[in-house]
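Analysis of the macromolecular model
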Amino acid sequence: MSRSAHPAGPRHADVLPEGHYQAPPSDLNRLDPRIWARTVTRNDDGAAEVGGLDVRALAEEFGTPAYFLDEADFRARCRAWRAAFGQDADVFYAGKAFLSRAVVRWLTEEGLNLDVCSGTELAVALDAGMPADRIALHGNNKSTAEIERAVDAGVGRIVLDSFQEIVKVAAVAQERGVRQRVQIRVTVGVEAHTHEFIATAHEDQKFGLALADGMAAEAVRRVLRLESLELVGIHSHIGSQIFDMAGFEVAARRVVSLLADVRDEHGVELPEIDLGGGLGIAYTPDDDPREPQDIAKALGDIVTRECESAGLRVPRLSVEPGRAIVGPTAFTLYEVGTVKPLEGLRTYVSVDGGMSDNIRTALYDAEYSVALVSRKSDAAPMLSRVVGKHCESGDIVVKDAFLPSDLAPGDLLAVPATGAYCRAMASNYNHALRPPVVAVADGAARVIVRRETEDDLLRLDVG
Ligand SMILES: Cc1ncc(COP(=O)(O)O)c(C=O)c1O
Ligand SMILES: N[C@@H](CCCC[NH3+])C(=O)O
């Protein structure tokens with residue numbers, strides 16, 4: 001890898017073009033532990049390492065781009081969530097954030113349950129040994145085949161999302177002579193403070209049945225009439241990448257109020273409440289996420305208080321964190337291919353991946369951090385935009401970042417906090433081969449999802 005310097009790009013002191021970026025950090029070499037996976041440090045050589053392994057050696061062995069996932073960090077976060085919520089609550093990891101057989105085994109061992117939202121996610125979970133009664137099936141348009149698969153497997157709950165689905169799930173359960181445990185997903189009418197594409201509790205959207213117009217109460221009526229369904233609770237998910245607990249508190253209050261209405265109308269006290277996932281993580285130093293114990297306390301207190309004032313037994317609480325568990329545990333490693341300084345603007349740094357391995361920047365205007373990790377540098381900070389190699393000018397990985405001005409082709413960059421919704425939402429745009437996920441722990445690295453090959457893609461093309 002070349003170490004040669006290239007002419008310094010525009011420096012932050014020269015001119016700051018319009019944009020949304022932070023001030024240059026005082027130390028470009030620092031890997032902020034609030035953003036990077038737990039075992040990431042710099043070694044004496046100045047290179048970053050994870051799980052005791054140097055990123056240069058990892059790049060050599062596994063290639064770039066690649067996601068490196070810190071298994072110890074993942075397990076520690078699972079334990080923290082489990083411990084925070086205690087034995088009277090359940091933590092369902094949201095598999096949509098990132099799912100693989102290894103992840104399912106870790107979750108099973110650490111005592112977490114699993115939320116899946118497709119038949120194939122369910123297949124991965126079952127194949128890797130997650131007991132079916134610890135699985136919940138979600139989705140706003142589950143196919144009959146997915147419902148049959150879930151009922152046959154004996155999943156612990158199916159979260160009903162529409163009137164049509166009530167009928168569908170009841171029919172499948174009746175045909176098999178089983179009573180399927182279900183929850184009803186409601187929209188509580190909260191405007192969560194996050195990007196509109198990932199807010200899910202306002203009424204004007206595809207998920208769930210609204211409390212406000214009586215649809216949720218009507219769904220309860222319909223489910224309670226059906227012998228083959230056992231209504232165990234109410235589910236609410238207000239959105240994703242949320243820091244403010246206020247939205248969750250309003251949701252909890254409104255869900256408890258529905259439980260009280262159900263008790264008054266039907267004489268039934270539903271035993272469970274699920275408040276979904278959505279807790280934010282730190283992508284940049286500006287983000288200040290809450291710890292699991294604070295979240296558990298805030299949610300537990302509000303549910304208990306509301307139930308006491310409504311004279312209800314406190315239901316069993318569950319939550320569904322995805323991003324908050326896996327997000328911070330991984331980074332994406334890229335090799336720099338080109339460096340293009342634009343005087344008075346910024347420097348474009350092209351890496352060997354892009355929107356095919358991280359669509360979040362293009363899709364949600366998401367902000368990320370980035371660091372030079374194959375070496376240290378004391379060069380001046382250079383306002384940069386890290387872009388991919390796709391045929392799209394919106395192919396941006398990190399919109400505004402400061403990188404050292406001696407950055408050169410061959411250097412390795414790492415983007416932290418890419419464990420959630422990056423590999424899971426990766427695409428083959430421009431026939432890109434989706435990168436591998438490599439789990440690193442205690443000085444050993446192993447591929448848990450392999451890199452796609454050209455052959456994989458050519459085999460799909462049967463024309
Ligand atoms: C029903 C449900 N539960 C849990 C999650 C996980 O969300 P997050 O990864 O933000 O915790 C989602 C995604 O937003 C979801 O739709
Ligand atoms: N995929 C989204 C979050 C949606 C999660 C699923 N409801 C993200 O990357 O932020």
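Only a predicted model underlies this, so the values are computations on that prediction, with no experimental measurement involved.

Confidence in the prediction for the protein averages 94 pLDDT; 93% of positions are at 70 or higher. Between residues 1-15, whose pLDDT stays under 50, and residues either more than four places distant or in other chains, the model counts 38 contacts. Reported for the predicted complex are a pTM of 0.94 and an ipTM of 0.98.

This model, assessed by the stated rule, comprises seven aromatic pairs. The interplanar angle of 65 degrees and the centroid separation of 6.2 Å between the aromatic rings of Phe-62 and Phe-68 together place this pair among those described as edge-to-face. An identical accessibility class is assigned to Phe-62 and Phe-68; each is buried. Between Phe-68 and Phe-331 the ring centres are 5.8 Å apart and the planes differ by 35 degrees, which places this aromatic pair in the tilted class. Taken as a pair, Phe-68 in strand 4 (residues 66-70) and Phe-331 in strand 14 (residues 330-341) lie far apart in primary sequence, 263 residues in all. Given a relative accessible area of 0%, Phe-68 falls into the buried group. For Phe-331, a relative accessible area of 3% puts it in the buried group. What links up through ring pairs into an aromatic cluster is the set Trp-36, Phe-62, Phe-68 and Phe-331.

The terminal C-alpha atoms of helix 9 (residues 292-310), which comprises 19 residues, lie 27 Å apart, in line with the 27 Å expected from a rise of 1.5 Å per residue. Among the residues making up helix 9, those that are buried are Pro-292, Ile-295, Ala-296, Ala-298, Leu-299, Ile-302, Val-303, Glu-306 and Cys-307. Projected onto a plane normal to the axis of helix 9, the buried residues spread over an arc of 165 degrees and lie on a single side. Exposed and oriented more than 90 degrees from the buried face of helix 9 are Lys-297, Glu-308 and Ser-309. Looking at the buried residues of helix 9, the elements they touch are helix 2 (71-85), helix 8 (246-266), strand 12 (272-274) and strand 13 (316-319). Immediately downstream of helix 9, the backbone of Gly-311 shows phi near 70 degrees, a positive value.

This next bit is on the site of ligand 2. Surrounding ligand 2, one finds eight residues, the nearest of these being Arg-323, Arg-360, Tyr-364, Tyr-421 and Met-425. In the environment of ligand 2, an oxygen atom lies 2.5 Å from a nitrogen or oxygen atom belonging to the side chain of Arg-360. With respect to ligand 2, the side chain of Tyr-364 contributes an N or O atom lying 2.9 Å from a nitrogen atom. Isolated, ligand 2 exposes 310 Å² of accessible area, and the fraction of that covered by the protein chains is 83%. Among the residues making up the shell around ligand 2, the classes are represented as four nonpolar, one polar and three charged.

Quick look at the UniProt feature "binding site: substrate" (unreviewed entry) in the protein now. Within this numbering scheme, the UniProt entry marks Arg-323, Arg-360, Tyr-364, Glu-392 and Tyr-421 as carrying the feature "binding site: substrate" (unreviewed entry). Spanning 99 residues, the named residues are also spread out in space, since their farthest C-alpha pair is 27.0 Å apart. With respect to the helices and strands, the residue Arg-323 is situated in helix 10 (residues 323-326). Accessibility expressed as a relative area gives 4% for Arg-323, which makes it buried.

Burial along strand 6 (residues 113-116) is two-sided: the face carrying Asn-113 and Asp-115 and the face carrying Leu-114 and Val-116 are both buried. With respect to chirality, the unit in which strand 5 (residues 89-94) leads through helix 3 (residues 101-110) into the neighbouring parallel strand 6 is right-handed. After leaving strand 6, the chain enters helix 4 (residues 119-127) and then returns to the sheet as strand 7 (residues 135-137), a path that is right-handed.

Rules of the game
- Residues numbered from 1 in each chain as written.
- Chains lettered and ligands numbered in written order.
- Predicted model: local features only at pLDDT ≥ 70, side-chain atom pairs only at ≥ 80, totals over all residues.
- Heavy atoms only, no water.
- pLDDT = per-residue confidence, 0-100.
- Contact = heavy atoms within 4.5 Å.
- Phe/Tyr/Trp six-rings, centres within 6.5 Å; stacked < 30°, edge-to-face > 60°.
- Buried < 20%, exposed > 50% of the residue type's maximum accessible area, 1.4 Å probe, protein only.
- Helix = DSSP H or I, 4+ residues; strand = E, 2+ residues; numbered from the N terminus.
- Expected span 1.5 Å × (residues − 1).
- Arc of directions from axis to C-beta.
- Near = heavy atom within 4 Å.
- Polar contact = N/O pair within 3.5 Å; in protein donor to acceptor, adjacent residues only side chain to side chain.
- Areas by Shrake-Rupley, 256 points an atom, 1.4 Å probe, with all protein chains shown as cover.
- Nonpolar A, V, L, I, M, F, W, Y, C, P; charged D, E, K, R; others polar.
- UniProt positions renumbered as here; feature names shortened; annotations may be inferred.
- Right-handed = clockwise from strand over helix to strand, strands pointing away.

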